[in-house]
Amino acid sequence: MNSSLKPACEPARAGLGITILVLLAGLLTLLYGSLAALSFRFAPDVPVTERPILAALGILAAAFVAYILAIIVALQTKADRVLLVIIIAASILFRVVSVYSWPILEIDIYRYLWDGNVVAQGVSPYRYSPEQVLQATSHRNIPDDLKRLVQLRKDSSINTILTRVHYAHLPTIYPPVSQAAFAAVAYLTPNRAGVFERIMLMKLPFVVFDLTTLVIISTLLRLSRKHIGWSASYGWCPLVIKEIANTGHLDSLAVFLTVLALFFAVRLLRNFTSVGRSRIHTLLSAVLLALAVGAKFYPVVLAPMVAALWMKAIGWRWASAATLTFVMITTAVLWPMIPWKAQPSSTDCEVINAKAESVFPAVPSDTMTTPQDPSTGLTAFLGHWEINDFLFMLVIENLKPTMDGAPEYRPWFSIVPHCWRAELVAATSRWFLLDPSRTPFLLARLITVVCFLAILTGLLHRVRLSEQPADWLQVAFLLLAWFWLLSPTQNPWYWTWAIPLVMFARSKAWLAIGGLAMVYYLRFWLMNQFPNQHVLSTPYTGAMFFDFVVTWFEYAPWFVWLMLETAWSRPLHREDDRSSQFSILPERKDLFS
């Protein structure tokens, strides 16, 4: 009797899953709509102390819980076209609801808008800092290209945008492919558009890239024989929606190009096409990966893995040709950022302490009109920036000589004896002729890079014999994830680099990062509420309390979870058990397309 009733129960169970998903989609729509409405209390003219940061974090936390429930339900629902349509339709709705909003606690989009107008004037955005443009006047004897930028200030909207650019003393750090997107938006923007309208127009192409990435992800899931319900892990993710549709981060462009490059690369393993088409797909993946590096530098960490995949799929000759193509296009695309003078820039000795920055930049003071080295912004970012980090912080705070520092700058977890640190920094600075104030950061960079290279080597060794796309995509995810975890700049939107591939991870813990990363925004509340006061009887003021205390609650339990789950997990299974190793819940065979 049970066997006769089972077929009749399946449609009912599938219908229940769809119903629950629709209800969760409705709830998420209300939450994202509430966040969009709340964003107008984050408008630039609202004092920072009056911004409802805790309310926004509460909405995002509720959305993350609903998101996790949606993934669980989607994975227990029959994988068919109806499920995919619901996931994609809801994903579009969430972004439509979220895009009409002020960016919440982020102002990077002002740099995008300014850079786009600079490029539209035929001037390199790497040539002058916004601060130089603000301080220059058209009546002085200044270069013609700088004079054209000064003329932009006659437009009140552009002048307002210019005054809101963060780190205005530095030229842009964004690579040329992103600059092309900024310029395209600038060309298409009506001259009379206000600041808010310009922000909306800048967001739109990034939302389009974001949604296109979702379509590619659904194709990768079919290619890898994984449940189509995993599409919700990207399409419904609160972090992705907040950082792209609300904040307008350009990362969606690089993510789109990277995921598309991986699609063409792993497709080679399935032998769906002829030899000629396989070679075309190989070159396409090389070109796309190079363009992705030209949009945001991070995809370069995937190059060794993709090269190994090419070698396995099509042999060393075409793999070598594809590698050469990647190197040549990457070099050509990044050429405008290559340093053109040997002497250091005036900003090279400046410490860019991102942890101590306020939301808006200080009043500009630079009056120089000399063009800057095109690598100035990138050099400052790679050599100084540190924010929301954990592993990197553990390393650097045990390298800094802090005996003479104020108590609020002494981390409680700095356990290496001061004399050892001082001796190491002094010796390294002397051997390599480094500024002692920069040496701890560079040493920490070196240590974390070595750790990442060890992870890269181990993952490539593990996957070298696999012919399954899911295994290679899992390696791609882990490379991006550990690159983020070892970075000194763990901005929440950087985690969107890895989210498109999170469904290929073996551990459930990785899904939690999408929620934990947003704890970063609590730092702004602490900075506003405790600018000079000690928090909870600690020696730390608001910003330092977040850096030295809150980050431990953000990351330490998660690392314990990851280690325990990794220790208890089974070895990597092959195709007959590929489904269960990545899923949140035990899955049935009829759940796969």
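Since the structure is predicted, the reported quantities are computational estimates derived from the model, not experimental observations.

Give a description of the overall build of the protein chain that names residues and reports values.
The secondary structure content of the protein chain amounts to 23 helices and 0 strands. Among the 593 residues that make up the protein chain, the fraction classed as buried is 56%. Sequence separation of 24 or more characterises 80% of the internal contacts of the protein chain that already satisfy a separation of 6 or more.

Give a description of unusual backbone geometry that names residues and reports values.
Positioned with a positive phi, L105 is a non-glycine residue whose angle comes to about 60°. For L105, the location among the structural elements is in the loop between α3 (81-99) and α4 (108-120). With a phi angle near 50°, Y167 is a residue other than glycine that sits in the positive phi range. Within the fold, Y167 resides in the loop between α7 (156-163) and α8 (176-188). Residue Y167 is classed as buried on the basis of its relative accessible area of 12%.

Give me the lowdown on helix α18 (residues 418-432), citing residues and values where you can.
An α-helical segment advances 3.6 residues per turn. Residues three or four places apart therefore align on the same side. Over its 15 residues, α18 extends 21 Å from the first C-alpha to the last, a length consistent with the 21 Å expected when each residue adds 1.5 Å. Those residues of α18 that sit buried are R421, V425, A427, T428 and S429. For α18, the elements touching its buried residues are α19 (439-463). Positioned one or two residues after α18, L433 has a phi angle of 55°, which is positive.

Can you break down the nonpolar core residue by residue, with the values?
Core analysis: the largest hydrophobic core is formed by 186 residues, its most contacted members being W114, W236, F477, W495 and W510. By residue number, the principal contributor to this core is helix α2 (residues 53-75), which donates 14 residues. The residues contacting W510, other than those within four sequence positions of it, are F477, L478, A481, W482, L485, W495, V502, A505, W558 and L562.

Before we move on, can you summarise the packing of helix α13 (residues 275-295) against helix α15 (residues 316-334) with the specific residues and values?
At their nearest, the axes of α13 and α15 sit 8 Å apart, and the two run at 25° to each other. Regarding the angle of α13 to α15, the classification is roughly parallel. Classified by chirality, the crossing of α15 by α13 is right-handed. Residue-level inspection shows R279, T282, L283, A286, V287, L289, A290, L291, V293 and G294 of α13 in contact with α15, the latter providing W318, A322, T325, F326, I329, T330, V333 and L334. For the contact of α13 with α15, a count of residues per class yields 13 nonpolar, 4 polar and 1 charged.

So what about the side chain of K203? Which residues, and what values?
Tracing the chain through its elements places K203 in helix α9 (residues 195-223). For the buried K203, no salt bridge is present, and the opposite-charge side chain at shortest range is E243, 11 Å distant. From its side chain, K203 meets the backbone oxygen of A245 in a polar contact 3.3 Å long. Among all residues touching K203, those that are not within four sequence positions of it are S98, V99, S101, I109, A245, N246 and G248.

Can you lay out the pattern of salt bridges for me, pointing to particular residues and giving the numbers?
This structure, assessed with the given rule, holds 8 salt bridges. The closest approach of N and O atoms between R198 and D155, which form a salt bridge, is 3.5 Å. In this pair, R198 is assigned in helix α9 and D155 in the loop between α6 (144-152) and α7, connecting sequence segments 43 residues apart. The exposure class of D155 is partly exposed, given its relative accessible area of 22%. Linking K400 and E397 is a salt bridge whose minimum nitrogen-to-oxygen distance equals 3.4 Å.

Reading the values: the criteria
- Counting restarts for each chain: residues are numbered from 1 in the order of the written sequence.
- Predicted model: local features are reported for residues with pLDDT of at least 70 only, side-chain atom pairs are reported and counted for 80 or more only, and whole-chain, interface and lining totals are derived from all residues.
- With hydrogens and water stripped out, all remaining heavy atoms of the structure feed into the side-chain values.
- Think of it this way: any DSSP run of H or I at least four residues long counts as a helix, any run of E at least two long counts as a strand, and we number them from the N terminus.
- For every residue, the accessible area (1.4 Å probe, protein chains only) is compared with the maximum for its type, and the residue is labelled buried under 20%, exposed over 50%, or partly exposed between those bounds.
- Every residue pair with non-hydrogen atoms within 4.5 Å of one another is taken to be in contact.
- Expected helix span is computed as 1.5 Å times (number of residues minus one).
- We call a set of buried Ala, Val, Leu, Ile, Met, Phe, Trp, Tyr and Cys residues a nonpolar core when their side-chain atoms join them within 4.5 Å.
- Axis angles are defined between N-to-C directions and span 0 to 180 degrees, where every axis is a line fitted to C-alpha atoms and, for a helix, only to the segment in contact.
- Any angle that falls under 35 degrees is termed roughly parallel, while one over 145 is termed roughly antiparallel, one within 65 to 115 roughly perpendicular, and all others oblique.
- Helix crossings fall into two classes, left-handed where the near helix is turned counterclockwise from the far one by less than a right angle and right-handed where it is turned clockwise.
- The nonpolar class holds Ala, Val, Leu, Ile, Met, Phe, Trp, Tyr, Cys and Pro. Asp, Glu, Lys and Arg form the charged class, and all remaining residues, Gly among them, are polar.
- In this tally, Asp and Glu contribute negative charge and Lys and Arg positive charge; neither His nor the terminal groups of the chain are included.
- For this analysis, a salt bridge means a side-chain nitrogen from Lys or Arg found within 4 Å of a carboxyl oxygen belonging to Asp or Glu.
- N or O atoms closer than or at 3.5 Å make up a polar contact, with two conditions inside protein: a donor-capable atom paired with an acceptor-capable one, and, for residues adjacent in sequence, both atoms drawn from side chains.

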